Amino acid sequence: MTDSPPPTSATIEQLQLKCWQSAIHTRATAFIFEHRYRLLRRQLRAVEAAAVIVPASFGCFILAAGSSSTSWLLPAGTVAALLSGLASILASSLQWRERMSKSLVSFRENDRLTARYERLAGEPPKRKDDFVQAKARLDDIDEAQTGIDVEHGVTDEEKRLGFREAHRLRNRPCLECDTVPPSLEPSDCGACGNFNLRRFIW
């Protein structure tokens, strides 16, 4: 989410700075949803692969071992198949596929907004009024997208991780700690640190 539209008394340089700040916000949000999309895609692929591989593997074992060795393979295969089925049911009940699709949409929309804010900041209109109007249009789009993103329940920890990556990627200092993050390793900053990176390892 971006700040309220700047007053018309703002200079071109101040408007540019606000665009860069908005780009950091949208890039952070894009990073969060890109991470969610990749994580859910990986989980879904694992569940789908298990649904095929587990029954096929036990079928091959049974055929290779012969009837004399199936006393333990059949129960084990049944348990494995049940666990695979439960994983599929869990993925469906938690709406992994739907959440993955929504995460991809939010990632793409915020990524586009980032590019548009950066383009406006880097190549501002010559007339300040044109700049104000262009930024206001982007802010309206960003506000609408933020309303959609909020429904996905982004956590404060995810926001701090996203801001750290956005500042690191764009080589811009965090407004709170005045430091350009050298990596994703968290600091103690309340805006771009203080998160458990191991929870977000891809």
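Predicted, not measured: the structure shown is a model, and the values here were computed from it.

### Quick look at the overall build of the protein chain
On a plain count of helices and strands, the protein chain comes out with five helices and zero strands. For the protein chain, the α and β elements follow one another from N to C terminus as α-α-α-α-α. Burial analysis of the protein chain (202 residues in total) assigns 35% to the buried set. For the protein chain, long-range pairs separated by at least 24 residues make up 69% of all intrachain contacts whose partners lie at least 6 apart in sequence. If you sum the accessible surface of the protein chain, you get close to 12,000 Å²; carbon and sulfur atoms cover 57% of it.

### Observations concerning the packing of aromatic side chains
Applying the stated rule across the entire model yields zero aromatic pairs. Its guanidinium or amino end placed over the ring of Trp-20, Arg-172 lies 4.2 Å from that ring's centre, counting from NZ or CZ.

### As for the nonpolar core
Counting residues in hydrophobic clusters, the biggest one holds 12 residues: Ala-10, Leu-15, Cys-19, Ala-23, Leu-113, Tyr-117, Leu-120, Ala-121, Phe-131, Val-132, Ala-134 and Leu-138. Other than its neighbours up to four places away in sequence, Leu-138 contacts Leu-113, Arg-116, Tyr-117 and Leu-120. If you look at the next biggest cluster of nonpolar residues, it comprises 10 residues, including Ala-30, Phe-33, Tyr-37 and Leu-104.

### Thoughts on the confidence of the model for the protein chain
Predicted confidence across the protein chain gives a mean pLDDT of 82, with 73% of residues reaching 70 or more. Within the protein chain, helix α2 (residues 70-93) has the poorest average pLDDT of any element, 59, and helix α4 (residues 128-150) the best, 94.

### With respect to the side chain of Ser-106
Here Ser-106 shows up in helix α3 (residues 96-122). With residues near it in sequence (within four places) discarded, Ser-106 still touches Phe-33, Gln-145, Asp-149 and His-152.

### Digging into α4
Taking 1.5 Å per residue as the helical rise, α4 with its 23 residues ought to reach 33 Å, and the 32 Å between its terminal C-alpha atoms agrees with that figure. Among all positions of α4, only Phe-131, Val-132, Ala-134, Lys-135, Leu-138, Asp-139, Asp-142, Gln-145, Thr-146 and Asp-149 are buried.

What counts and what doesn't
Residues numbered from 1 in each chain as written. Predicted model: local features only at pLDDT ≥ 70, side-chain atom pairs only at ≥ 80, totals over all residues. Heavy atoms only, no water. Helix = DSSP H or I, 4+ residues; strand = E, 2+ residues; numbered from the N terminus. Buried < 20%, exposed > 50% of the residue type's maximum accessible area, 1.4 Å probe, protein only. Contact = heavy atoms within 4.5 Å. Areas by Shrake-Rupley, 256 points an atom, 1.4 Å probe, with all protein chains shown as cover. Phe/Tyr/Trp six-rings, centres within 6.5 Å; stacked < 30°, edge-to-face > 60°. Lys NZ or Arg CZ within 6 Å of the ring centre and 35° of its normal. Core = buried A, V, L, I, M, F, W, Y, C linked by side-chain atoms within 4.5 Å. pLDDT = per-residue confidence, 0-100. Expected span 1.5 Å × (residues − 1).

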